[in-house]
Amino acid sequence: MPPEPRDSERNPPPAAEGLAFSTRAIHAGAHLNRTSALTPPIFQTSTFKLPSAAAGAAFTKSTAPSEFYTRWGNPTTKQFEAALASLEGSEAALAFSSGMGAISALFFTALSAGDHLLVGRSIYSGVSELANVFLPRFGVESSFADAGRIEDLDRAIRPNTKLIFVESPTNPTLDVCDLDAVAALGRRRGVLTAIDNTFATPVNQRPLSRGFDVVVHAATKFLGGHSDATAGVICGSQQLIDRAWYHLKLIGASLSPFEAWLLLRGLKTLAVRVQQQNDTTLEIARFLASRPEVERVHYPGLESHPRHALARRQMTGFGGVLSFEVRGGLAAGARLVESLRVIQLAVSLGGVESIIQHPASMTHGTLPEEEIRKAGIEPGLLRLSIGLEDVEDLRRDLAQGLDASCR
Ligand SMILES: *Cc1c(COP(=O)(O)O)cnc(C)c1O
């Protein structure tokens, strides 16, 4: 009698190529699961049994082995990386224990002493701090330019510029830059281009298809989607990812297998979550724009957004984050965040719960005031991440909050 096939051979997962995005969000990477379990096992182990001392010696010379030592790699983490590479359309991906872990590793990979880093001016505060405080200690200079004005970005390139790093839409003012133009500029000037795609998610925007070399994510946000895991990822060429892995191995910001499993679980619903968040956020943006207490709403999906036409061209949806300015500045903003009942006061974004924060006093509080203003942040600016609650409940919550705090 021929041997019984293993269950996993009897019913292999679908090959991800050729499948639509939402199908890949569920099945991509599943070929790495060699068991018959439908959901991936959590390889909750720090190390792996070796067949021989010689095999151990071979592993220490290898790149990114999946079953040697979990700081170097782990099968559950590899499955998440394969899924992300499929969703962003990259050759490879590498997971980290946070978004900042991923961004730091990218900087270590792309920059050496004597190099220059060019950053889009409106950027995550942790990235500004890396550029302003951390990198100079290692002989890397950096400067900021408005990524929305391609001539400014072009002028800011120096002979030693090795990396252009931008966000679009940006945190927290939802500025949009021309992805085709930034990628083309990098090509023309021979500079690597990287983008933080956290706010858009690959559901709404695929920068690699527009010519970017690298995409990074704070997977903590929409990719995980449930505010229960901290993680980051870099997507790019196999060559870049292999080099980044060398730094991951030494910095040690490796993603834990359990977090990787939470992220794989989150990815399965990414497409439906983000679609719903796109729809609800547009409705809430329109509602806020209609309120007299609200001075301005920043959301690329609104016709009033200065780059709305560009956003329409390069995004298929406008994402789950908006910001708005209330009349009455700092005091009114602080009162509003404390008077909401459904929407929670917290940092972070991209989860199923709607979350609000006040950047002037919170995440940007570590920057000098001049930098805050340069990043376009007004004292009454509030950042709102829309979750999956009913849109009517969110509208009512904001209405009562505005009534209570802005009169
Ligand atoms: C949260 C965030 C980061 C940092 O991610 P962590 O997981 O908190 O380290 C980077 N970029 C953007 C746009 C973010 O929102």
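Residues numbered from 1 in each chain as written. Predicted model: local features only at pLDDT ≥ 70, side-chain atom pairs only at ≥ 80, totals over all residues. Heavy atoms only, no water.

(A) Spotlight on the packing of helix α12 (residues 270-289) against helix α16 (residues 391-405). Look at α12 against α16: their axes get within 10 Å of each other, and the N-to-C directions meet at 30 degrees. By the criterion of interaxial angle, the relationship of α12 to α16 is roughly parallel. Both α12 and α16 take part in a crossing whose hand is right-handed. Two secondary-structure elements touch here, α12 through Thr280, Glu283, Ile284, Phe287 and Leu288 and α16 through Val391, Leu394, Arg395, Leu398, Ala399 and Leu402. Here the residues of the contact of α12 with α16 sort into 8 nonpolar, 1 polar and 2 charged. (Axes fitted to C-alpha atoms, helices over the stretch in contact; angles between N-to-C directions. Helix = DSSP H or I, 4+ residues; strand = E, 2+ residues; numbered from the N terminus. Parallel < 35°, antiparallel > 145°, perpendicular 65-115°, else oblique. Left-handed = near helix turned anticlockwise from the far one by under 90°. Contact = heavy atoms within 4.5 Å. Nonpolar A, V, L, I, M, F, W, Y, C, P; charged D, E, K, R; others polar.)

(B) Focus on the site of the ligand. Lining the immediate surroundings of the ligand are 13 residues, of which Gly99, Met100, Asp196, Thr220 and Lys221 lie closest. Contact distances for the ligand include 2.6 Å between a nitrogen atom and a side-chain N or O atom of Asp196. Relative to its unbound accessible surface of 380 Å², the ligand loses 91% to contact with the protein. A total of 3 residues in the shell around the ligand trace back to one element, the largest contributor, which is helix α5 (residues 99-110). (Near = heavy atom within 4 Å. Polar contact = N/O pair within 3.5 Å; in protein donor to acceptor, adjacent residues only side chain to side chain. Areas by Shrake-Rupley, 256 points an atom, 1.4 Å probe, with all protein chains shown as cover.)

(C) The sheet that holds strand β12 (residues 381-385), seen in detail. With mixed pairing, 5 strands are arranged side by side in an open sheet as β8-β9-β12-β11-β10. Looking along the sheet, the strands with just one partner apiece sit at the ends: β8 (294-298) and β10 (344-345). (Pairing = 2+ DSSP bridges.)

(D) A look at the domain arrangement of the protein. If you check the domain split of the protein, you get domain 1 (7-268) and domain 2 (270-405). Just the C-alpha atoms count here: the centres of domain 1 and domain 2 sit 26 Å apart. Counting residues at the interface gives 40 residues for domain 1 and 41 residues for domain 2. Between Arg313 and Asp178 there is a salt bridge; the shortest N-O distance is 4.0 Å. Counting the contacts that link domain 1 with domain 2 gives 19 residue pairs in polar contact (both at pLDDT 80 or more). (Domains from an automatic or database assignment. Salt bridge = Lys/Arg side-chain N within 4 Å of Asp/Glu carboxyl O.)

(E) Structural view of the sheet that holds strand β7 (residues 232-236). With respect to topology, 7 strands assemble into an open sheet ordered β1-β7-β6-β5-β4-β2-β3, the strand pairing being mixed. Each edge of the open sheet is held by one strand with a lone partner, namely β1 (92-96) and β3 (141-145). The sheet shows a mean angle of 20 degrees between the axes of neighbouring strands, direction not considered. As paired elements, strand β4 (residues 161-167) and strand β5 (residues 192-196) share 5 bridges and run parallel to each other. Bridge pairing links Phe165 to Ala194 in β5. Where helix α4 (residues 75-88) meets the sheet, its contacts fall on β1, β6 (214-218) and β7, and the angle it forms with β1 comes to roughly 130 degrees. On top of the sheet, helix α6 (residues 125-134) reaches β2 (116-120), β3 and β4; it is set at about 135 degrees to β3, its chief contact.

(F) Local environment of the packing of aromatic side chains. Per the counting criterion, the structure on display carries 8 aromatic pairs. Aromatic pair Phe59 and Phe68: ring centres 5.1 Å apart, planes at 25 degrees, arrangement stacked. Phe59 sits in the partly exposed class, given a relative accessible area of 24%. Centroid distance Phe258 to Trp261: 6.3 Å. Interplanar angle 10 degrees. Geometry classified as stacked. Of this pair, Phe258 and Trp261 both sit in helix α11 (residues 257-268), 3 residues apart, which is roughly one turn of the helix. Ring-pair connections join several aromatic residues into one group, and the members of that group are Phe59, Phe68, Trp72 and Trp245. (Phe/Tyr/Trp six-rings, centres within 6.5 Å; stacked < 30°, edge-to-face > 60°. Buried < 20%, exposed > 50% of the residue type's maximum accessible area, 1.4 Å probe, protein only.)

(G) Looking closely at unusual backbone geometry. Looking along the chain, the bond that leaves Ser168 and enters Pro169 is cis, with omega of -10 degrees. Within the element layout of this structure, Pro169 appears in the loop between β4 and α8 (179-189). In the segment running from Asn171 into Pro172, the intervening peptide bond is cis, with an omega of -5 degrees. Structurally, Pro172 is set in the loop between β4 and α8. A positive phi is found at Ala64, a non-glycine position, where the angle reads about 50 degrees. Following the sequence through the fold, Ala64 ends up in the loop between α3 (53-60) and α4. Classification of Ala64 by relative accessible area gives partly exposed; the value is 21%.

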